[in-house]
Amino acid sequence: MDTRSIMQRDDAHVLHTYGRSPVALVSGAGMVAVDAEGKQYLDFTSGIGVNALGFCHPAWVAAVSAQAGTLQHTSNLYYTEPCGALAEEICRRTGLDAVFFGNSGAEANEGAIKAARKYSVDTYGPERNKVLTLVNSFHGRTLATLTATGQDVFHHDFGPFPERFGYVPAGDFAALEAAADSETCALMLELVQGEGGVVALDKDYVAKVAAFCKKRDILLVVDEVQTGVGRTGTFLACEQFDLHPDIVTLAKGLGGGLPIGAVVMNRKVADHMGPGSHGSTFGGNPVACAGALAVMRELTDDLLAKDRALAETLRAGLKTLPHVTEVSGLGLMVGIALEEGIAATAVRTACEQAGLLVLTAKTRIRLLPPLILTQEDVDKALAILRTVLEKL
């Protein structure tokens, strides 16, 4: 089928909840995707941060294929080897103690909210269940995680929303102090607000927040759905903030292309999550866990060091481009602010036409390249962006 036929069938039968580009991708390898007409695209999106190892990485394909041909699903009524092996590796890399597996970032964040409330209610009583999040955050599209999202634009049409959530401006420690009353059980935050414009939190602010939460026994929940699994140059962005949260959520890049989410927690919280307290039919699926294990094994110290160096080169190059006013984010999670009058959506469209896939976040261009990128990929992306921006 050609692109037009694929689009027509999709438009006729798929719910119109996405603003899709007129591009139909049919295959990919490494950093390159190919559309129905054979045109190649350099991918700087990773499927919104999912394809950590790019398209069809040989180690990932081998692991997923082998597991799919051995045991594809059992439910959590039984033990499987990939589930435990992945949990062990995640705990080793994060320094936390226990993992719950789900299918997405939203499900992971929903599980984190439940775990935080369970700990607090068990420890302090039923009234201590309020969750604070930051203005401009994004935590998912289920009703609870949509409520936790600190952006009014997402709060229309779907009410009534769950109660006992509150919002404080990012960077405003005094506002947090005022909002965190005796009924507050947790603060959930992103260290880089991805959907909110790719804006990193200030390290001094984060340190003050962590100390405040520890003193009050307010659980600190860090949403690393997009920042985790090497995206910012370390396995967790927390490492760059010297932060040791009670709960971390992972998804996106963890599965390397398959749906998986994880709630990772310390022993203090984990001890309150007993049989029946939470569940997910597909959580810990052997095939998804096998893919995630392949990702974890490829994310070596050498790979992450290479990515940190390439991130610096990419950021330095972006700052020299015409019409760029700021480069934000952390590591290979990049936001590009443009001069007034230049629409990020127009730049994205022009990049697609020139063979480069990029994303947008509010008014900014957003880059989330696969972690396997090379200097050649960086140079090519910068060249295309320069050409596109010069024409605008």
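Before reading further, recall that the structure is shown in the block above.
What you see is a predicted model; the values in this text were computed from it and never measured.

**Brief notes about the pairing of strand β13 (residues 324-330)**
Link 1 in the chain: In terms of burial, β13 is a largely internal element, 5 of the 7 residues being buried.
Link 2 in the chain: Pairing analysis gives 6 bridges linking β13 to strand β14 (residues 333-338), with the strands arranged antiparallel. Within the sheet, the bridge partner assigned to Gly329 lies in β14 and is Val334.

**Some words on unusual backbone geometry**
Link 1 in the chain: Following Gly159, the chain continues to Pro160 via a peptide bond in cis, the omega torsion being 5°.
Link 2 in the chain: The phi dihedral of Lys362 falls on the positive side, at around 55°, and the residue is not glycine.
Link 3 in the chain: Secondary-structure assignment places Lys362 in the loop between β16 (359-361) and β17 (364-367).

**Describing the sheet that holds strand β5 (residues 130-134)**
Link 1 in the chain: Ordered by their spatial adjacency, 7 strands build an open sheet running β4-β12-β11-β10-β7-β5-β6, and the pairing between neighbours is mixed. For this open sheet the edge positions go to β4 (98-102) and β6 (165-168), each flanked by a neighbour on one side alone. Each strand of the sheet is rotated relative to its neighbour by a mean of 20°, with strand direction disregarded.
Link 2 in the chain: Its contacts with the sheet place helix α4 (residues 81-94) against β4, β11 (247-250) and β12 (261-265), and it is angled at close to 125° to β4.

**Here's the deal with helix α12 (residues 344-353)**
Link 1 in the chain: All buried positions along α12 are accounted for by Ala344, Val347, Cys351 and Glu352. Buried residues in α12, looked at end-on, bunch into an arc of 135°, giving them a common side.
Link 2 in the chain: Where α12 is buried, its residues meet β3 (40-43), β14, β15 (356-357), β16, β17 and α13 (375-391).
Link 3 in the chain: Of the residues trailing α12, Gly355 is marked for its positive phi of about 95°.

**Examining the environment of Asp43**
Link 1 in the chain: Position of Asp43 relative to the elements: it lies in strand β3.
Link 2 in the chain: Assessed through its relative accessible area of 1%, Asp43 is described here as buried.
Link 3 in the chain: Distance from Asp43 to Leu367, taken between C-alpha atoms, is 9.3 Å for residues 324 residues apart in sequence.
Link 4 in the chain: Within the structure, the side chain of Asp43 is placed 3.2 Å from the backbone nitrogen of Ser46, a separation counted as a polar contact.

**What to know about the sheet that holds β3**
Link 1 in the chain: If you trace the 4 strands from one edge of the open sheet to the other, you get β1-β2-β3-β15, paired in mixed fashion. Both outer strands of the open sheet, β1 (25-29) and β15, are each paired with one neighbouring strand and no more.
Link 2 in the chain: Where strand β2 (residues 32-35) meets β3, 3 bridges bridge the pair, whose relative direction is antiparallel. Paired with Val32 across the bridge in β3 is Leu42.

Calculation criteria
Residues numbered from 1 in each chain as written. Predicted model: local features only at pLDDT ≥ 70, side-chain atom pairs only at ≥ 80, totals over all residues. Heavy atoms only, no water. Buried < 20%, exposed > 50% of the residue type's maximum accessible area, 1.4 Å probe, protein only. Helix = DSSP H or I, 4+ residues; strand = E, 2+ residues; numbered from the N terminus. Pairing = 2+ DSSP bridges. Axes fitted to C-alpha atoms, helices over the stretch in contact; angles between N-to-C directions. Contact = heavy atoms within 4.5 Å. Arc of directions from axis to C-beta. Polar contact = N/O pair within 3.5 Å; in protein donor to acceptor, adjacent residues only side chain to side chain.

Honestly, that's just the spatial picture; any functional story needs more than this.
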